[in-house]
Amino acid sequence: MTSSDYDVAIVGGGLVGGCLACALGRTGLRTLVIEAVAPRTDRHPSYDERVIALSWTSQRILAGIGLWPRIADGAEPIHQVQVSQAGGFGITRIRADEEAVEALGYVIPARLLGIAIHEVLSEQTNLTLLAPARLSEFQIDAESASLVVRAGEDLVRLRGRLLVAADGGDSKVRQRLGIRVREHRYGQDAVIATVTAERPQPGTAFERFTETGPLALLPLSGGRYSVVWTTLEEQTAELLSLSDEAFVARLRDRFGLKLGRFLEPSRRLAYPLRLMLTPDPTGPRTALIGNAAHTLHPVAGQGLNLGLRDVAALAEVLSASNRAGLDPGSASVLASYRDWRRADHAAVAAVTDALARHFIHTWPPLRLARDLGLLGLGLFAGPRHLLARRLMGRYGRQTRLARGLRLEIPDE
Ligand SMILES: Cc1cc2nc3c(=O)[nH]c(=O)nc-3n(C[C@H](O)[C@H](O)[C@H](O)COP(=O)(O)OP(=O)(O)OC[C@H]3O[C@@H](n4cnc5c(N)ncnc54)[C@H](O)[C@@H]3O)c2cc1C
């Protein structure tokens, strides 16, 4: 046992780092969160105007860490996902009733989740939140990670036995440790906006593959939809600068007439898209979670869902190691986390990457193959069920939180 100030020091209190801190609340582990941006700002980089499709599994994880009751009223259930290709004949419908669940997932504004995280954190007794504060330097030795944190004019020195990098896709912790990554820039941006549909279909989410990339419409309350529109980089500025009327007309051209006209578009924002994956999400006394370990194309809405499964696995490993009196930053604890998460990271990255790259080709045989694939999925329940389970996060070794259990294993 070392004399470190904290058991777990989390760098980055965004959606994923914040959720880990909430999960550790009942474990008794002394936890520190260092977050660069003040809570409750309108300009938070992690919970901005984006809208998130949460999977069925993520809903359970959020329920298990006390966040779900605080966001449930603002969450819109997804009862059906429709997948199609612009100009094609294939269509697949994945339905909650076929999977015997109430909803395949839920749509929530990221900001709502961010506010709930801060409410839960402010009630936790074993937690120190430093925000706004930035990790500026650190060093790892045999006993602990020594951190230098800049909080305003002050430099604070702290120590943690485990360092968790939840500092996003450009993670300084990952870079400073020289952790290897695989990276690919798609040459695409995601343009997001919300619109009202003239003939909404509540509970149905749409994923439509177009020549520039996928276009997703996620249902919100009051007939509104969150639009995630992938464009080629060179077309982004034009899409952002269109008048509101021209934007909704272009959206209808691209999406089709299923929902009638689109009205009242919100402000548009663009995000550059890339794949970044660490083959090993651990380093000396360090675990990487969320975008720091894997930054994905938003097709199929998997990034935060994958990050929440990291949270559930790491929290479970840490809870068990704490009960066993183990050092949370030891090689064996980190190996348990790495071995649990590696395959899921690789599989989700491979699927989203394949969808992002191969669904934009206009070569006629490939278009036909995609249509036949969608048609086949529409006709055959077996493969459709496998796809549904992937979207819902119901595969592989499930964490206690994903199974609807408390994080802590009860005493015999
Ligand atoms: C357009 C779009 C749509 C998406 N839709 C979905 C979806 O429908 N479903 C889904 O599951 N995912 C979706 N995602 C992905 C999801 O938004 C991300 O995976 C998720 O937000 C990542 O959270 P994070 O906390 O890991 O990283 P980030 O959100 O990047 O947070 C990192 C945090 O670390 C802080 N930080 C950074 N450096 C330091 C430092 N040195 N010191 C202290 N703090 C620091 C930052 O201030 C920030 O708060 C989407 C992404 C995009 C771009």
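Here, the structure is the one placed above.
Residues numbered from 1 in each chain as written. Predicted model: local features only at pLDDT ≥ 70, side-chain atom pairs only at ≥ 80, totals over all residues. Heavy atoms only, no water.

Draft legend 1. Looking closely at the overall build of the protein. Broken down by element type, the protein carries 11 helices and 20 strands. The C-alpha radius of gyration computed for the protein amounts to 21 Å, which stays within 12% of the reference 22 Å derived for 412 residues, consistent with globular compactness. Seen through its principal axes, the protein has C-alpha atoms that stretch 65 × 50 × 40 Å. Expressed as a percentage of the 412 residues in the protein, the buried residues total 54%. When contacts within the protein are restricted to residue pairs at least 6 apart in sequence, those whose partners lie at least 24 apart make up 73%. About 17600 Å² of surface is accessible on the protein, with carbon and sulfur atoms providing 53% of the total. Each charge class in the protein was averaged separately, 49 positive and 44 negative side chains, and the resulting centres sit 3 Å apart. (Helix = DSSP H or I, 4+ residues; strand = E, 2+ residues; numbered from the N terminus. Rg over C-alpha atoms; globule rule 2.2 N^0.38 Å. Buried < 20%, exposed > 50% of the residue type's maximum accessible area, 1.4 Å probe, protein only. Contact = heavy atoms within 4.5 Å. Areas by Shrake-Rupley, 256 points an atom, 1.4 Å probe, with all protein chains shown as cover. Lys, Arg positive; Asp, Glu negative; His and termini not counted. Charge placed at Lys NZ, Arg CZ, Asp CG, Glu CD.)

Draft legend 2. Inspection of the environment of L112 at higher detail. Mapping L112 onto the fold places it in helix α4 (residues 110–122). Separated by 37 residues in sequence, L112 and A75 have C-alpha atoms that sit 9.2 Å apart. Not counting residues up to four positions away in its chain, the partners in contact with L112 are I71 and G74.

Draft legend 3. Region of interest: the site of the ligand. Neighbouring the ligand are 33 residues, the closest being E35, S46, R50, A53 and N291. One of the side-chain nitrogen or oxygen atoms of R50 is found 2.8 Å away from an oxygen atom of the ligand. Take G303: an N or O atom from its main chain is 3.4 Å from a nitrogen atom of the ligand. Compared with its free state, where it exposes 1000 Å², the ligand has 91% of that area covered by protein. Among the residues making up the shell around the ligand, the classes are represented as 18 nonpolar, 11 polar and four charged. (Near = heavy atom within 4 Å. Polar contact = N/O pair within 3.5 Å; in protein donor to acceptor, adjacent residues only side chain to side chain. Nonpolar A, V, L, I, M, F, W, Y, C, P; charged D, E, K, R; others polar.)

Draft legend 4. The arrangement of the environment of W56 in detail. Assignment of secondary structure puts W56 in helix α2 (residues 56–64). In the structure, W56 is positioned 63 residues away from E119 in sequence and 23 Å away in space, judged by C-alpha atoms. Setting aside chain neighbours within four positions, we find W56 in contact with V101, A103, L104, G105, M392 and R394.

Draft legend 5. Molecular detail of the sheet that holds strand β3 (residues 51–55). If you trace the three strands from one edge of the open sheet to the other, you get β3-β7-β4, paired in antiparallel fashion. Two strands in the sheet have a free side with no partner beyond their single neighbour: β3 and β4 (76–78). On average, each strand axis in the sheet is inclined to that of its neighbour by 30 degrees, with strand direction left out of account. Pairing of β4 with strand β7 (residues 105–109), which is carried by three bridges, proceeds in the antiparallel orientation. Each residue of the ladder has a partner; that of E76, found in β7, is V107. (Pairing = 2+ DSSP bridges. Axes fitted to C-alpha atoms, helices over the stretch in contact; angles between N-to-C directions.)

Draft legend 6. Geometry of the packing of helix α8 (residues 303–323) against helix α9 (residues 331–358). For the pair α8 and α9, the least separation of the axes is 9 Å and the interaxial angle reads 165 degrees. In terms of orientation, α8 and α9 fall into the roughly antiparallel class. Like other packed secondary-structure pairs, α8 and α9 cross with a definite hand, here right-handed. Note on element contacts: α9 touches α8 through V333, S336, Y337, W340, R341, D344, H345 and V348, opposite L306, R309, D310, A313, L314, E316, V317, L318 and S321. Of the residues contributing to the contact of α8 with α9, the split by class is nine nonpolar, three polar and five charged. (Parallel < 35°, antiparallel > 145°, perpendicular 65-115°, else oblique. Left-handed = near helix turned anticlockwise from the far one by under 90°.)

Draft legend 7. Looking closely at unusual backbone geometry. Cis geometry marks the peptide bond from A131 to P132; its omega dihedral reads 0 degrees. A positive phi angle is found at R285, which is not glycine, with a value near 55 degrees. Phi angles above zero are rare outside glycine, and A300 is one such case at about 70 degrees. Among the structural elements, A300 can be located in the loop between β20 (294–295) and α8.

Draft legend 8. Local environment of the layout of surface pockets. The space that makes up the second largest pocket amounts to roughly 270 Å³. Looking at the second largest pocket, it is lined by 21 residues, and the ones nearest its centre are E49, V51, P109, T194 and L220. Listing elements by their share of the lining of the second largest pocket, those giving two or more residues are β7, α4 and β12 (182–197). If you tally residues by element for the lining of the second largest pocket, the top one is β12, at three residues. Among the residues making up the lining of the second largest pocket, the classes are represented as nine nonpolar, five polar and seven charged. (1 Å grid on protein atoms, 1.4 Å probe; cavity = no way out; pocket = protein on both sides within 12 Å on 5 of 7 lines; lining within 4 Å. Points joined across faces, edges and corners; volume = space filled by probe spheres on them.)

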